[in-house]
Amino acid sequence: MKARHWMVAVAGIAFGMPAPASAAQSDPEVIIYRFPGVRDDAGISNTGVATVFHCTNFSGANETIRFVTRDNSGNLLQNLTVLINHLGTRTAVTHLIGAYASDLNLATGLVQQGTTAIAATSTNIICTAMTINASTAAPVGVALRGVRFNPVPGSQE
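**Student:** Tell me about the sheet that holds strand E6 (residues 104-105), and name the residues and values.
**Tutor:** Strand order in the open sheet made by the five strands is E6-E5-E2-E8-E9, with mixed pairing throughout. One side of each edge strand has no neighbouring strand; the edge strands of this open sheet are E6 and strand E9 (141-144). Where strand E8 (residues 125-133) and E9 come together, four bridges link them in antiparallel fashion. Looking at E9, one finds that Ala129 is bridged to Leu144.

As structure tokens, this is what we get:
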């Protein structure tokens, strides 16, 4: 009889405990990606070469994403954030492009062989990057290989 009472008590504790809190905009940022090979020719909108970043949030909460771009010597070019809704996708560009609508213009100016670090208030965000011809309506360019930091447990990229 005592064993049954203990089992009921343990089950009550297990099911009565609150679920772990989802990450949110006020949580500390962690670096989730670094993309080397960032390039921008400092062209005007919809001309030249630019780099575009797409990030999608599957954390279950609204989050903040930070983009920090440096040139090939390590000099800071910009450091900006954008909010992203659960299951939303945000697009950041080094300068305005024709192929995608952008949510954040990083306005980096000239970048040759630079790097962009992406930090967020959750690791439950995935990002991609491309260096593209900014003047075309269809994305024409080269995908950049990002290095993932702080992966989602149990995932593989």
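Right, picking up where we left off after that structure.
**Student:** Tell me about the nonpolar core, and name the residues and values.
**Tutor:** Nonpolar side chains tend toward joint burial in soluble globular proteins. Phe35, Phe53, Ile65, Phe67, Ile118, Ile125 and Cys127 are the most contacted members of the largest nonpolar core, which has 20 residues in total. Those elements giving two or more residues to this core turn out to be strand E1 (30-40), strand E2 (49-57), strand E3 (63-70), strand E4 (76-84), strand E7 (111-120) and E8. The biggest single contributor to this core is E1, with four residues. Once residues lying within four places of it in the same chain are set aside, the contact partners of Phe35 are Phe53, Gly114, Thr115, Thr116, Ile118, Cys127, Thr128, Ala129, Leu144, Arg145 and Gly146. By size, the runner-up hydrophobic cluster in this structure holds eight residues, among which are Val52, Val93, Ala99 and Ile132.

What counts and what doesn't
- Residues numbered from 1 in each chain as written.
- Predicted model: local features only at pLDDT ≥ 70, side-chain atom pairs only at ≥ 80, totals over all residues.
- Heavy atoms only, no water.
- Pairing = 2+ DSSP bridges.
- Helix = DSSP H or I, 4+ residues; strand = E, 2+ residues; numbered from the N terminus.
- Core = buried A, V, L, I, M, F, W, Y, C linked by side-chain atoms within 4.5 Å.
- Buried < 20%, exposed > 50% of the residue type's maximum accessible area, 1.4 Å probe, protein only.
- Contact = heavy atoms within 4.5 Å.

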